Amino acid sequence: MKRFLIFAAQFPPIGMLVFNAPDVVSKGIPASEDLLAWLIASYPIAIVPALLMAGIDQALSKQTFHLLKTTAVGGLVSASVLLFLWSGVAPFWSAVMSVLLGALPAAVCSWLSEKSMRSVDA
């Protein structure tokens, strides 16, 4: 249950940061009301993928290299969404950002959930 709470709470804002990173780098840090609007918008968009990734992480938790496997699945799932929406080969940087959009939040949330599970067991 803790794993699902971690993914539900952390996946959307991390995904929002990854999604907006190119704009932040090129234009600078936006106003605080823009950040709040982005944060609020990230939850309805990313809550279902976050819970699905939590389920995948739960299923992979007993395997070796489960963090790496969860990261790969997150990247592949988001890249497949890009492939479906783009209907062909996407430009290189769009594909990279798509993979990072799924892989980074999945990796961070998987690492946090594993860390919290180990602290409970100890």
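Residues numbered from 1 in each chain as written. Predicted model: local features only at pLDDT ≥ 70, side-chain atom pairs only at ≥ 80, totals over all residues. Heavy atoms only, no water.

(A) Highlighting the packing of aromatic side chains. Under the defined criterion, the tally for this structure stands at 1 aromatic pair. Considering the side-chain rings of Phe92 and Trp93, the 4.9 Å spacing of their centres and the 75 degrees angle between planes classify their relative orientation as edge-to-face. Relative accessible area serves as the criterion here: at 58%, Phe92 is assigned to the exposed category. (Phe/Tyr/Trp six-rings, centres within 6.5 Å; stacked < 30°, edge-to-face > 60°. Buried < 20%, exposed > 50% of the residue type's maximum accessible area, 1.4 Å probe, protein only.)

(B) Representation of the side chain of Ser42 within the structure. Summarising the element assignment, Ser42 is placed in helix α2 (residues 32-60). With a relative accessible area of 7%, Ser42 lands in the buried category. Excluding anything up to four places from it in sequence, Ser42 contacts Pro12, Pro13 and Met16. (Helix = DSSP H or I, 4+ residues; strand = E, 2+ residues; numbered from the N terminus. Contact = heavy atoms within 4.5 Å.)

(C) A look at unusual backbone geometry. Even without glycine at this site, Phe65 takes up a positive phi of about 55 degrees. Secondary-structure assignment places Phe65 in the loop between α2 and α3 (66-86). A relative accessible area of 65% places Phe65 in the exposed class.

(D) Representation of the nonpolar core in the model. Ranked by size, the top nonpolar core spans 10 residues in total: Ile6, Phe7, Phe11, Ile14, Ala46, Ala50, Met53, Ala54, Ala106 and Cys109. Only α1 (2-27), α2 and α4 (92-121) provide two or more residues apiece to this core. With sequence-adjacent residues up to four places away left out, Ala106 is seen in contact with Phe7, Phe11, Met53, Thr70 and Gly74. (Core = buried A, V, L, I, M, F, W, Y, C linked by side-chain atoms within 4.5 Å.)

(E) Up close: the pattern of salt bridges. According to the stated counting rule, one finds 1 salt bridge in the structure shown. Of the charged contacts in the structure, one is a salt bridge between Arg3 and Asp57, with a shortest N-O distance of 2.5 Å. In this pair, Arg3 is assigned in helix α1 and Asp57 in helix α2, connecting sequence segments 54 residues apart. Owing to a relative accessible area of 0%, Asp57 belongs among the buried residues under this scheme. (Salt bridge = Lys/Arg side-chain N within 4 Å of Asp/Glu carboxyl O.)

(F) Inspection of the packing of α1 against α2 at higher detail. As a packed pair, α1 and α2 sit with axes 7 Å apart at the nearest point and diverge in direction by 125 degrees. Comparing the axis directions of α1 and α2 gives the class oblique. For the pair α1 and α2, the crossing hand works out as right-handed. Across the contact of α1 with α2, the residue classes break down as 18 nonpolar, 4 polar and 2 charged. (Axes fitted to C-alpha atoms, helices over the stretch in contact; angles between N-to-C directions. Parallel < 35°, antiparallel > 145°, perpendicular 65-115°, else oblique. Left-handed = near helix turned anticlockwise from the far one by under 90°. Nonpolar A, V, L, I, M, F, W, Y, C, P; charged D, E, K, R; others polar.)

(G) Main features of a nonpolar patch on the surface. Nonpolar side chains collect at one region of the surface, where Leu36, Leu39, Ile40 and Tyr43 lie side by side and expose about 350 Å² of accessible area between them. Inspection of the secondary structure puts Ile40 in helix α2. (Patch = residues over 30% accessible without salt bridge, like charges linked within 9 Å, V, L, I, M, F, W, Y side chains within 5 Å. Areas by Shrake-Rupley, 256 points an atom, 1.4 Å probe, with all protein chains shown as cover.)

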